[in-house]
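Reading the structure
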Amino acid sequence: MTLNSSLLVEVDKPFNSYIFTGNSPTQLEIQAKLFASKVLFGSDIYADHPDIRYVDSDNLQTVGVQDVREIIESEAVGPISADYKIYIFMLIMILYLIY
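Okay, so let's go over this structure. (Residues numbered from 1 in each chain as written. Predicted model: local features only at pLDDT ≥ 70, side-chain atom pairs only at ≥ 80, totals over all residues. Heavy atoms only, no water.)

Our focus in this paragraph is the packing of aromatic side chains. Inspection of the entire model under this criterion finds three aromatic pairs. Residues Tyr18 and Phe35 carry aromatic rings whose centres are separated by 5.0 Å and whose planes lie at 75 degrees to one another, so their mutual orientation is edge-to-face. Note that Tyr18 is positioned in the loop between helix 1 (5–8) and helix 2 (25–41) and Phe35 in helix 2, a separation of 17 residues in sequence. Judged by its relative accessible area of 27%, Tyr18 falls in the partly exposed class. Above the plane of the ring of Tyr54 lies Lys33, whose end atom (NZ or CZ) is 4.8 Å from the centre. (Phe/Tyr/Trp six-rings, centres within 6.5 Å; stacked < 30°, edge-to-face > 60°. Helix = DSSP H or I, 4+ residues; strand = E, 2+ residues; numbered from the N terminus. Buried < 20%, exposed > 50% of the residue type's maximum accessible area, 1.4 Å probe, protein only. Lys NZ or Arg CZ within 6 Å of the ring centre and 35° of its normal.)

Attention now goes to the nonpolar core. Grouped together as the largest cluster of nonpolar side chains are 14 residues, with contacts concentrated most on Leu3, Phe35, Ala36, Leu40, Ile52, Ile86 and Ile88. At the level of elements, helix 2 and strand 2 (86–91) are the ones that each hand at least two residues to this core. For this core, the element with the highest residue contribution is helix 2, accounting for six residues. Dropping the residues within four chain positions of it, Leu3 is found in contact with Leu8, Val11, Gln31, Leu34, Phe35 and Lys38. (Core = buried A, V, L, I, M, F, W, Y, C linked by side-chain atoms within 4.5 Å. Contact = heavy atoms within 4.5 Å.)

What follows is about the environment of Glu10. Mapped onto the fold, Glu10 is located in the loop between helix 1 and helix 2. Through-space distance from the C-alpha of Glu10 to that of Val39 is 8.4 Å; in sequence the pair is 29 residues apart. Other than its neighbours up to four places away in sequence, Glu10 contacts Phe15, Tyr18 and Phe35.

Note that Ser81 resides in the loop between helix 3 (65–75) and strand 2. The exposure class assigned to Ser81 is exposed, which follows from its relative accessible area of 52%. The spacing of Ser81 and Asp51 is 30 residues in sequence and 7.4 Å in space, taken between C-alpha atoms. Residues contacting Ser81, with those up to four places away along its chain left out, are Phe41, His49 and Asp51. At a separation of 3.0 Å, a polar atom in the side chain of Ser81 contacts the side chain of His49. (Polar contact = N/O pair within 3.5 Å; in protein donor to acceptor, adjacent residues only side chain to side chain.)

Structure follows, in structure tokens:
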């Protein structure tokens, strides 16, 4: 799988947030992970890394308060080996409701 060409132009000067939309939750997740790896490391392959945080939430329509608290606490520590930290939010229940 390769990164969408419209995202490639964003790699050099990324904004502070992105919203990925589409019909396939699996594709959205893959594109978000590939984009994170490309922004942080210039890599075309996603790899688990502490500077990329994947946030799951069991809430139906939003990220939970406890999820946000954990992010705020972890934000006090700078990135480990990259210029940025990237958080990928996936709302689990919404993904189940799409299918």
